[in-house]
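If you want the building blocks of each chain, they are given just below.
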Amino acid sequence: MKLRYTTVDLAILAVIAAIFGAVFTYAWTPYYAIKAVGGKLAAVLLTYGIWYMAAPLAASLIKNPLAAFLGEFLAGFVESIMPQIGGFSGLIYAGFQGLFSEIPYLATRYKRFGRAEAAVAGALPAIPSIALDILLWGSVYPPQIFMVLIVLAAISGAVYGIIAHTIAKAVSGKT
Amino acid sequence: MQRTEILSPSILFLYSLSLTISAFVFRDIRSLLLILTVNLPIGIIVGYEKFKLFLIPFLISLIGVLINALIFAGGTPIAAVGQLKIRSGAIYGFADVSLRLGIMLSASLVFSSLTNPRLLLKSLETELWLPKEASFMVALSLRLLSIFEKDIHEIRLIRRSRGLRETPVTPVDWKSILTPLFSLGVQRGRWIGIAAELRGFRYRKPKRKIIRPSSLDLYLLMLLLFQLLAAYILGRI
């Protein structure tokens, strides 16, 4: 386990941050569209995982300690410093989500970067993400709703985590 | 003299980040109201001209908050509109969440109006001693962002011409958008990384200086300290 990043690794992390910086902003359109048609629960199930995806993708591509955290955190930082109405909330969410995404890779001592780890790395950020939602929205939604949301967000995250791993595998195979 | 030369971007970043954190941390509605009362006027004064379009999504989000509060919040019924009973929790919940969102909007207006991402990055590296690797990644991301936004736009056009959903809904839709994006992106990243290495990135020494806050920076920090302290005391009373 070595915390060694080459300049190419840094550049790929920057690419991940840039792509997800753009995707995170763009993803609000489908989120609100689905929410309008199918309600909040459907929107969470179908879209929340997108915001957790940068971490498993970064880890699957770079296979280094802290890659998951850096991938998520950088994407959140880039999203946050661009003018938008949420202040630096994206950075706060991304920091905690990135830390939780790091857990499955840490648990394997950074020896395995497979599909299962990517699914868990996609699912775990649901915990801090919904916990932060509770701090913001706790006075509106009852606790039962948050319990449902955390499960749906974790399922969504796991699915997008697997997709992230598949994309990383496809892209690594080509280069 | 430009405003950006007076206020340090790092100080503005710390100010706006602290405001955003306060929107999560304070539980008392009076504390939130105090912070909003101080910062929203500042945000509107410095940012209305440039970011008045922010008010539209903000107002839409407030409508969303109101609808959610009316549907989900509990408490005793205080009024009825047709079939809909308005509960006390809905009024409180709407006020509480709106204040939090308002504080975040204020943080955005203050930060985005008085500085920009590139100045912030330069300032973070020189004044807050951000490692050069981190500033390289963020600078590169900012440079690549518009390229990938164009790529997303092109992929959407291609999807439309093929009769596919332009706006992704399912995870499979997202996969079909992200795979070509990353296929291009990782290639770009590899070559940019190699080029940076060949140009001696590893040996570049970043310029560092001790942060010397201007009087305006100090006023801003004092304002931050004062309002956070006052909000904390209000919350304890």
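Keep in mind that what you see is a predicted model, and the values were worked out from it rather than measured.

Quick question: what am I supposed to make of a nonpolar patch on the surface here?
Residues and elements named next belong to chain A. On the surface, a cluster of nonpolar side chains totalling about 300 Å² of accessible area is made up of Leu45, Val151, Ile155 and Val159. The dominant element in the nonpolar patch, judged by the number of residues it contributes, is helix H7 (residues 143-174), at three residues. Its location among the elements puts Val159 in helix H7.

Looking at this structure, I do not really get unusual backbone geometry. What am I missing?
When glycine is set aside, most residues are seen to have a negative phi, and most peptide bonds are trans. All names here are of chain A. The backbone phi angle of Lys63 is positive, close to 50°, even though this residue is not glycine. By the secondary structure assignment, Lys63 is in the loop between helix H2 (54-62) and helix H3 (67-81). With a relative accessible area of 48%, Lys63 lands in the partly exposed category. Unusually for a residue other than glycine, Leu66 sits at a positive phi of about 70°. Counting through the fold element by element, Leu66 comes out in the loop between H2 and H3.

Looking at this structure, how should I read the environment of Leu61 of chain A?
Note on placement: Leu61 of chain A falls in helix H2. Given the relative accessible area of 17%, Leu61 of chain A is considered buried. Linking Leu61 of chain A and Ala36 of chain A, residues 25 residues apart in sequence, is a C-alpha distance of 35 Å. Not counting residues up to four positions away in its chain, the partners in contact with Leu61 of chain A are Ile12, Ile16, Ala168 and Ser172 of chain A together with Val186 of chain B.

Would you mind showing me how to read the packing of aromatic side chains here?
Here the distance between the centres and the angle between the planes together describe a pair of aromatic rings. With the rule as written, the count across this model stands at 24 aromatic pairs over all chains. Ring plane angle 25° and centroid distance 6.5 Å describe the contact between Phe24 of chain A and Trp51 of chain A, whose orientation is recorded as stacked. Taken together, the residues span a long stretch of sequence, with Phe24 of chain A in helix H1 (residues 7-47) and Trp51 of chain A in the loop between H1 and H2 at a distance of 27 residues. As far as the burial class goes, Phe24 of chain A and Trp51 of chain A line up, both buried. Plain terms: the ring middles of Tyr93 of chain A and Phe24 of chain B are 5.9 Å apart, the flat faces sit at 65° to each other, and that makes the pair edge-to-face. Pair noted here: Tyr93 of chain A is in helix H4 (residues 89-107) and Phe24 of chain B is in helix H2 (residues 9-25), and the two residues belong to different chains. For the pair Tyr93 of chain A and Phe24 of chain B, a shared accessibility class is recorded, and that class is buried. A connected cluster of aromatic rings, assembled from ring pairs, spans Phe20, Phe24, Trp28, Tyr31, Tyr32, Tyr48, Trp51 and Tyr52 of chain A together with Phe182 of chain B. The ring of Phe201 of chain B carries the charged tip of Lys132 of chain B above its face, separated from the ring centre by 5.1 Å.

The rules behind each value
Residues numbered from 1 in each chain as written. Chains lettered and ligands numbered in written order. Predicted model: local features only at pLDDT ≥ 70, side-chain atom pairs only at ≥ 80, totals over all residues. Heavy atoms only, no water. Patch = residues over 30% accessible without salt bridge, like charges linked within 9 Å, V, L, I, M, F, W, Y side chains within 5 Å. Areas by Shrake-Rupley, 256 points an atom, 1.4 Å probe, with all protein chains shown as cover. Salt bridge = Lys/Arg side-chain N within 4 Å of Asp/Glu carboxyl O. Helix = DSSP H or I, 4+ residues; strand = E, 2+ residues; numbered from the N terminus. Buried < 20%, exposed > 50% of the residue type's maximum accessible area, 1.4 Å probe, protein only. Contact = heavy atoms within 4.5 Å. Phe/Tyr/Trp six-rings, centres within 6.5 Å; stacked < 30°, edge-to-face > 60°. Lys NZ or Arg CZ within 6 Å of the ring centre and 35° of its normal.

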